[in-house]
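# Breakdown of the fold
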Amino acid sequence: MNSKIVGVGHYVPENVVTNDDLAAYIDTSDEWIRERTGIQERRWFNPDKDTVANMATRATKMALERAHMDAKEIEFIVFATITPDYFFPGSGVLLQRELGLQGIGAIDIRNACSGFIYGLSTADAFIKSGMYKTVLVIGAEIQSSALDKTTAGRNTNVIFADGAGAAILQATEEKSGVLTTHLHADGDYAEELYVRDPGSSRKVRLSPELIAGDSFKVYMNGNGVFKHAVVRFEEVIREALDKTGKSTEDIDLLIPHQANLRISQFIQRKLNLPDEKIFNNIMYLGNTTAASIPIALSEAVDQGRVKKGDLVCLAAFGSGFTWASALIEWS
Ligand code: COA
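Now for a description of the structure that goes with this document. Owing to the predicted nature of the structure, the values given are computational and were not obtained by experimental measurement.

### Quick look at the overall build of the protein chain
Assigned secondary structure in the protein chain consists of 11 helices and 13 strands. Taken over the C-alpha trace, the protein chain has a radius of gyration of 19 Å; the compact-globule value for 331 residues is 20 Å, and the two agree within 12%. By principal-axis analysis of the C-alpha atoms, the protein chain measures approximately 55 × 45 × 35 Å. Among the 331 residues that make up the protein chain, the fraction classed as buried is 55%. With an accessible surface of roughly 14100 Å², the protein chain has 49% of that area assigned to carbon and sulfur atoms. Distance from the positive charge centre (34 side chains) to the negative charge centre (43 side chains) of the protein chain: 2 Å.

Here is the structure:
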């Protein structure tokens with residue numbers, strides 16, 4: 001048994017935040033942000049309307065519609081997020097409830113920007129083992145509420161954004177579909193991109209002193225992340241190609257996690273891919289962590305950039321550090 005993606009969907013909040021909007025209260029500029037990250041605008045959630053779980057629900061409904069499927073066919077949920085609605089339980093069970101699927105299993109995956117590919121790989125393994133026939137994989141995040149929105153946080157608050165993407169995987173006897181997935185991590189770098197609190201190893205998880213500090217905000221060593229990302233992205237893409245006996249010329253569309261346009265362009269050059277073989281939407285959506293790949297995949301399908309028989313490569317790098325790739329023969 002193999003697995004294939006039968007439907008993809010996405011949802012992004014309506015609230016558009018431009019670089020100039022940020023420059024109105026942060027010491028930064030549209031020019032600096034565009035030049036260093038490629039981002040022009042991003043979506044930040046509306047606290048009166050958007051939750052991680054309800055954005056995921058909207059993305060799932062789009063995926064179900066495209067797959068001409070009823071939600072009741074979903075047998076298991078894999079939910080990738082590092083920004084769950086509650087400290088616990090995870091957002092997977094909230095999505096399950098919103099979809100009216102009480103009783104089926106749901107897990108959360110906390111692998112940041114690589115979370116969606118980790119989720120895809122998990123779903124693929126469940127299907128290949130015969131355990132489930134239809135698995136929903138989600139990447140959904142609300143990052144904007146964890147950002148330091150002052151000048152002190154300007155190396156992260158201009159990058160991260162909110163949104164949700166969904167993919168429905170189904171068992172197939174075809175040889176196409178998910179061909180291979182590759183997952184890696186190196187915990188030596190855990191503190192290079194992280195949010196320290198509310199950490200359970202503190203004597204007191206929440207205190208006025210802690211809240212007054214910086215440990216609830218996203219910390220990132222931007223230079224360190226950049227240097228590792230460019231190496232790991234290329235490595236893990238080549239690993240997937242080698243495993244399947246394919247070459248870079250065989251790739252029809254590369255969808256890299258939308259970390260930074262400069263990182264995507266660097267990988268594009270290293271792999272010698274023409275512009276039409278790489279998909280970027282960071283310019284208008286920012287970096288939505290686990291949601292970035294499924295949102296991009298859904299937009300690529302919308303735009304007719306993924307056709308039956310195409311070789312689609314997904315690749316990610318992020319907090320952990322974690323990095324991952326997947327090769328899919330679209331069917
Ligand atoms: N606006 C204006 N200036 C900014 C800024 C902003 N938004 N963010 C940082 N700066 C300043 C810094 O304060 C620093 O000033 P100084 O020289 O006076 O100290 C200067 O720009 C250079 O900072 P540096 O961090 O070295 O910049 P950089 O060229 O590395 O760019 C990032 C910063 C964050 C854009 C870049 O490191 C990056 O994109 N890294 C990868 C991040 C990423 O992909 N994260 C997601 C992983 S999933």
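Moving on, there is more to tell.
### A word on the site of the ligand
Around the ligand sit 22 residues in total, of which Thr28, Arg36, Arg154, Gly222 and Asn260 are the nearest. One of the side-chain N or O atoms of Trp32 is found 3.5 Å from a nitrogen atom in the ligand. Interatomic distance of 2.4 Å between a side-chain N/O atom of Asn260 and an oxygen atom of the ligand. For the ligand, whose free accessible area comes to 950 Å², the fraction covered by protein is 73%. For the shell around the ligand, the secondary-structure elements that each account for two or more residues are α2 (30-37), α6 (154-157) and α8 (222-244). The element that contributes the greatest number of residues to the shell around the ligand is α8, accounting for 4 residues. Looking at the shell around the ligand, its residues break down into 11 nonpolar, 8 polar and 3 charged. Both domains that furnish three or more residues to the shell around the ligand are identified here as domain 1 (2-175) and domain 2 (178-329).

### Focus on the nonpolar core
Counting 40 residues, the largest nonpolar core has Phe160, Phe233, Ile237, Leu254, Ile263, Ile267 and Phe317 as the members making the most contacts within it. Of all the secondary structure elements, the ones that give two or more residues to this core are α8, α9 (261-271), β12 (311-318) and β13 (322-329). Broken down by element, the residue count for this core peaks at 8 residues, all from α8. A domain split of this core shows at least three residues from each of domain 1 (2-175) and domain 2 (178-329). Setting aside residues up to four positions removed in sequence, Ile267 forms contacts with Phe233, Ile237 and Leu254. Core analysis: the second largest hydrophobic core is formed by 35 residues, Ile5, Ile109, Ala123 and Leu169 among them.

### Notes on the packing of aromatic side chains
The full count for this structure, using the stated rule, is 7 aromatic pairs. Between the aromatic rings of Phe76 and Tyr132, the centroid separation amounts to 4.8 Å while the plane-to-plane angle is 20°, which identifies the pairing as stacked. Here Tyr132 lies in the loop between α5 (115-129) and β6 (134-141) and Phe76 lies in strand β4 (residues 76-80), a separation of 56 residues in the sequence. Accessibility classification places Phe76 together with Tyr132 in one group, the buried group. When the ring of Phe126 is compared with that of Tyr132, the centres are 5.4 Å apart and the planes differ by 80°; the resulting orientation is edge-to-face.

### Description of the side chain of Asp310
Along the polypeptide, Asp310 turns up in the loop between α11 (292-302) and β12. At a separation of 2.9 Å, a polar atom in the side chain of Asp310 contacts the main-chain amide nitrogen of Lys307. Apart from residues no more than four positions distant in its own chain, Asp310 is found in contact with Asp252, Arg305, Ile328, Glu329 and Trp330.

### Here's the deal with the pattern of salt bridges
Pairing is possible between side chains of opposite charge, provided their charged atoms come close. Considering all chains together, one arrives at 14 salt bridges under this definition. Taking the shortest distance from any N to any O, the salt bridge between Asp197 and Arg196 comes out at 3.6 Å. Under the relative-accessibility criterion, Asp197 is labelled buried at 4%. Classification of Arg196 as partly exposed rests on a relative accessible area of 28%. A salt bridge links Lys217 to Asp214; the shortest N-O distance between them is 3.3 Å. By relative accessible area, Lys217 is classed as partly exposed at 29%. Here Asp214 falls in the exposed class, since its relative accessible area comes to 56%.

Here is what the cut-offs are and how they apply
Residues numbered from 1 in each chain as written. Predicted model: local features only at pLDDT ≥ 70, side-chain atom pairs only at ≥ 80, totals over all residues. Heavy atoms only, no water. Helix = DSSP H or I, 4+ residues; strand = E, 2+ residues; numbered from the N terminus. Rg over C-alpha atoms; globule rule 2.2 N^0.38 Å. Buried < 20%, exposed > 50% of the residue type's maximum accessible area, 1.4 Å probe, protein only. Areas by Shrake-Rupley, 256 points an atom, 1.4 Å probe, with all protein chains shown as cover. Lys, Arg positive; Asp, Glu negative; His and termini not counted. Charge placed at Lys NZ, Arg CZ, Asp CG, Glu CD. Near = heavy atom within 4 Å. Polar contact = N/O pair within 3.5 Å; in protein donor to acceptor, adjacent residues only side chain to side chain. Nonpolar A, V, L, I, M, F, W, Y, C, P; charged D, E, K, R; others polar. Domains from an automatic or database assignment. Core = buried A, V, L, I, M, F, W, Y, C linked by side-chain atoms within 4.5 Å. Contact = heavy atoms within 4.5 Å. Phe/Tyr/Trp six-rings, centres within 6.5 Å; stacked < 30°, edge-to-face > 60°. Salt bridge = Lys/Arg side-chain N within 4 Å of Asp/Glu carboxyl O.

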